[in-house]
Amino acid sequence: MNSSRRQFLARTAAGAAVLAGGTFATTTATAGPAAVPSAAARRITALTNVTVIDVHTGRRDRHQTVLIDRDRIIGVGRVPVPRGAVEIDLTGKYVIPGLADMHVHSLGDERVSPPLYLANGLTTVREMSGTNPALYDWRDRIAAGTLLGPRMIVASNILDGDPTLWDPNLIKVIVVDDAAAARAAVRRVKGEGADFVKVYSRLSRESWRAVIDEARRVGLTVHGHGPDEVPIKEVSKAGQRSIEHIHSLGVSVSTREAEVRRMLLAIKVSNGDYNGWFRQLHPIEWIAANTYNPARAADVFGTLRRNRTRVTPTLTMHYVLDQIDYTGLDPALAKYLSEDSIGTYDYVIRTMYAPNRTAEEIAHQRQMWAWRQRFVRELIEHDVPLLAGTDTGTPYSVPGFALHDELEHLVRAGASTRQALYAATVEPAKFLGMDADLGAVAARKIADLVVLDADPLTDIRNTRKIHSVVTRGRVISPTDRQRLLAGVEAAVKEPPTAASIAAGGCCGAAPRKH
């Protein structure tokens, strides 16, 4: 177990008892058999008459009781309710493990993203850029039980090459131009409290290899983009734990890989010229998409599968950026974003993605969306392990709600409903090394659960039909959920606090210029 994993477990354990005290009772406690000891002192909660979904197998276990003692599940099945337990009758409801969004960039202050995540059934998020120190504060306060929110695993600042794609005046990026700088950056982010190292597209091969090696030395893992200079098989074999988005994958499975990789290496950008990189990348992706080679794919995808290198497709992000002329913010969700966040989204589209395109490029971009769906179908068919992630923080995603979009995109791409749920529950638990604690509705697991009004295995859209949420044993009732959502509506109308986090994703957003 590496040191960051030990620190994370220690933080989580410290706050478990605090959070566990927040259960609610909507029904009268039911006495069990005389032989069952009193549960009053142990604060046991019983969720009764539920259908438990086993995401591993797709099995539905009906008429079940889920017993929760503080932050843990202590029993699942047709078991008696202990005397004095708080019984919640959930007849007709379905219980799944808590959901995880494995690629987020949180918005606003602590009154916005954390409650939106929980209200949408997200009990774990992987924050993909530790740009703002407030994120580490949120993580630690949530773990200590003093802030209500999902479990947070937080990245380092982005490590990128020189020149970086990001304007340093807008987003803090650690720029490294050689192996020594790369190693120093890893040691720095370790000291700052990052849970893992986040790597980006323009890292040189030399710097990236140094990051991988130094991270291993200090006990951190490496997640992020496949650097433009490094083939995907090398990324996987060297030990990078995840590859975010589909940009870098298509190049490695093209019949013209050598040519398109030369084109990648020929890209020239100045500091902060994201639009220049994006526009130069488009024709490269277009060639790769139209020269997809099944034999190369089998080789590359087999390497990812054998090394358990996870891919986070972030179809939610690609859906918007491939079709910026045809998509926008869902009007029903605008009430959960501040005016500044919405303005940022519009600014990003207007300045980073929309300018300088020809009609042909616009048409090609839209066709790329269909190709990405087919590409994800190939990943699924080759059993490449997928993580459900949204790139929340890029246009026009709304924290928490976006994960349900991602699940629907995965199913439309070819995943079964069970496979989509697996990517948001079981696989994240395995990836984080927490499968002993998370990812299933089972005894001895942490009580992170979502109670649904309808069966998600029948229709993935049913993950949106949330009745209640359980986070580390704390039950968030339907009334509590509405309070959380109402609180966000009120918060986004108020002036931002000093600790607010501007909309800013790793692939599609930056703070708005005023």
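Residues numbered from 1 in each chain as written. Predicted model: local features only at pLDDT ≥ 70, side-chain atom pairs only at ≥ 80, totals over all residues. Heavy atoms only, no water.

*Asks:* Is there a simple way to think about helix H12 (residues 339-353) in this case?
*Replies:* Compared with the 21 Å implied by 1.5 Å per residue over 15 residues, the 21 Å span of H12 between its first and last C-alpha is a close match. Listing the buried residues of H12 in full gives Ser341, Gly343, Thr344, Tyr345, Tyr347, Val348, Ile349, Met352 and Tyr353. Where H12 is buried, its residues contact helix H9 (274-289) and helix H11 (315-321). (Helix = DSSP H or I, 4+ residues; strand = E, 2+ residues; numbered from the N terminus. Expected span 1.5 Å × (residues − 1). Buried < 20%, exposed > 50% of the residue type's maximum accessible area, 1.4 Å probe, protein only. Contact = heavy atoms within 4.5 Å.)

*Asks:* What is the right way to read the packing of helix H14 (residues 401-413) against helix H15 (residues 417-424) from this model?
*Replies:* Pairs of packed helices are described in terms of their axes, by the angle between the two and the distance that separates them. Running from amino to carboxyl end, H14 crosses H15 at an angle of 140°, the nearest separation of the two axes being 9 Å. Classified by the angle their axes make, H14 and H15 are oblique. The two elements H14 and H15 meet at a crossing, and its hand is right-handed. Contacts from Leu407, Leu410 and Val411 in H14 reach Thr417, Ala420, Ala423 and Ala424 in H15. Looking at the contact of H14 with H15 residue by residue, the classes come out as six nonpolar, one polar and no charged. (Axes fitted to C-alpha atoms, helices over the stretch in contact; angles between N-to-C directions. Parallel < 35°, antiparallel > 145°, perpendicular 65-115°, else oblique. Left-handed = near helix turned anticlockwise from the far one by under 90°. Nonpolar A, V, L, I, M, F, W, Y, C, P; charged D, E, K, R; others polar.)

*Asks:* Teacher, can you tell me more about the pattern of salt bridges here?
*Replies:* Should the charged atoms of two oppositely charged side chains come close, the side chains can pair. With the rule as written, the count across this model stands at 38 salt bridges. Where Glu259 meets Arg256, a salt bridge forms, and the shortest distance between an N and an O atom there is 2.8 Å. Between Glu361 and Arg279 there is a salt bridge; the shortest N-O distance is 3.0 Å. Separated by 82 residues along the polypeptide, Glu361 in helix H13 (residues 359-381) and Arg279 in helix H9 bring together distant segments of the chain. For Glu361, a relative accessible area of 14% translates into the label buried. Through salt bridges with shared partners, a single ionic network connects Arg183, Arg187, Asp213, Glu214 and Arg217. (Salt bridge = Lys/Arg side-chain N within 4 Å of Asp/Glu carboxyl O.)

*Asks:* Help me understand the packing of aromatic side chains in this model?
*Replies:* To describe a pair of aromatic rings, you give the distance between the ring centres and the angle between the ring planes. By the definition in use, this model includes ten aromatic pairs. Each ring, one from Phe278 and one from Tyr353, has its centre 4.5 Å from the other, and the planes form 90°; the classification is edge-to-face. Pair noted here: Phe278 is in helix H9 and Tyr353 is in helix H12, with a separation of 75 residues, a long-range link. In this structure an aromatic cluster arises from ring pairing among Trp166, Tyr274, Trp277, Phe278 and Tyr353. Positioned above the aromatic ring of Phe431, the side-chain terminus of Arg241 is 4.5 Å from the ring centre. Looking at Arg366, its charged tip hangs above the ring of Tyr326, at a distance of 3.7 Å from the centre. (Phe/Tyr/Trp six-rings, centres within 6.5 Å; stacked < 30°, edge-to-face > 60°. Lys NZ or Arg CZ within 6 Å of the ring centre and 35° of its normal.)

*Asks:* What is the right way to read the pairing of strand S2 (residues 59-69) from this model?
*Replies:* The side chains of a regular strand alternate, residue by residue, between the two faces of the sheet. Relative to S2, strand S1 (residues 44-54) runs antiparallel, the two being bridged by eight bridges. Bridging from a neighbouring strand, Ile44 pairs with Asp69 of S2. Hairpin connection between S1 and S2: a loop of four residues separates the two successive antiparallel strands, and Gly58 in this loop has a positive phi of roughly 85°. Sheet analysis places S2 next to strand S3 (residues 72-77), joined by five bridges and oriented antiparallel. Residue pairing in the sheet places Ile68 in a bridge with Ile73 of S3. If you look at the hairpin formed by S2 and S3, you'll find two residues sitting between the two strands, and Arg70 has a positive phi there, around 55°. (Pairing = 2+ DSSP bridges.)

*Asks:* Mind showing me how you'd approach the pairing of strand S10 (residues 196-199) here?
*Replies:* Taking every second residue as pointing to the same face, both faces of S10 are buried, with Phe196 and Lys198 on one and Val197 and Val199 on the other. As paired elements, strand S8 (residues 151-160) and S10 share three bridges and run parallel to each other. The residue bridging Ala155 from the neighbouring strand is Phe196, located in S10. Judged from the three bridges that link them, S10 and strand S11 (residues 222-224) form a sheet pairing that is parallel. Looking at S11, one finds that Val199 is bridged to Gly224. Viewed along the sheet, the connection from S10 through helix H5 (residues 205-218) into S11 turns out right-handed. (Right-handed = clockwise from strand over helix to strand, strands pointing away.)

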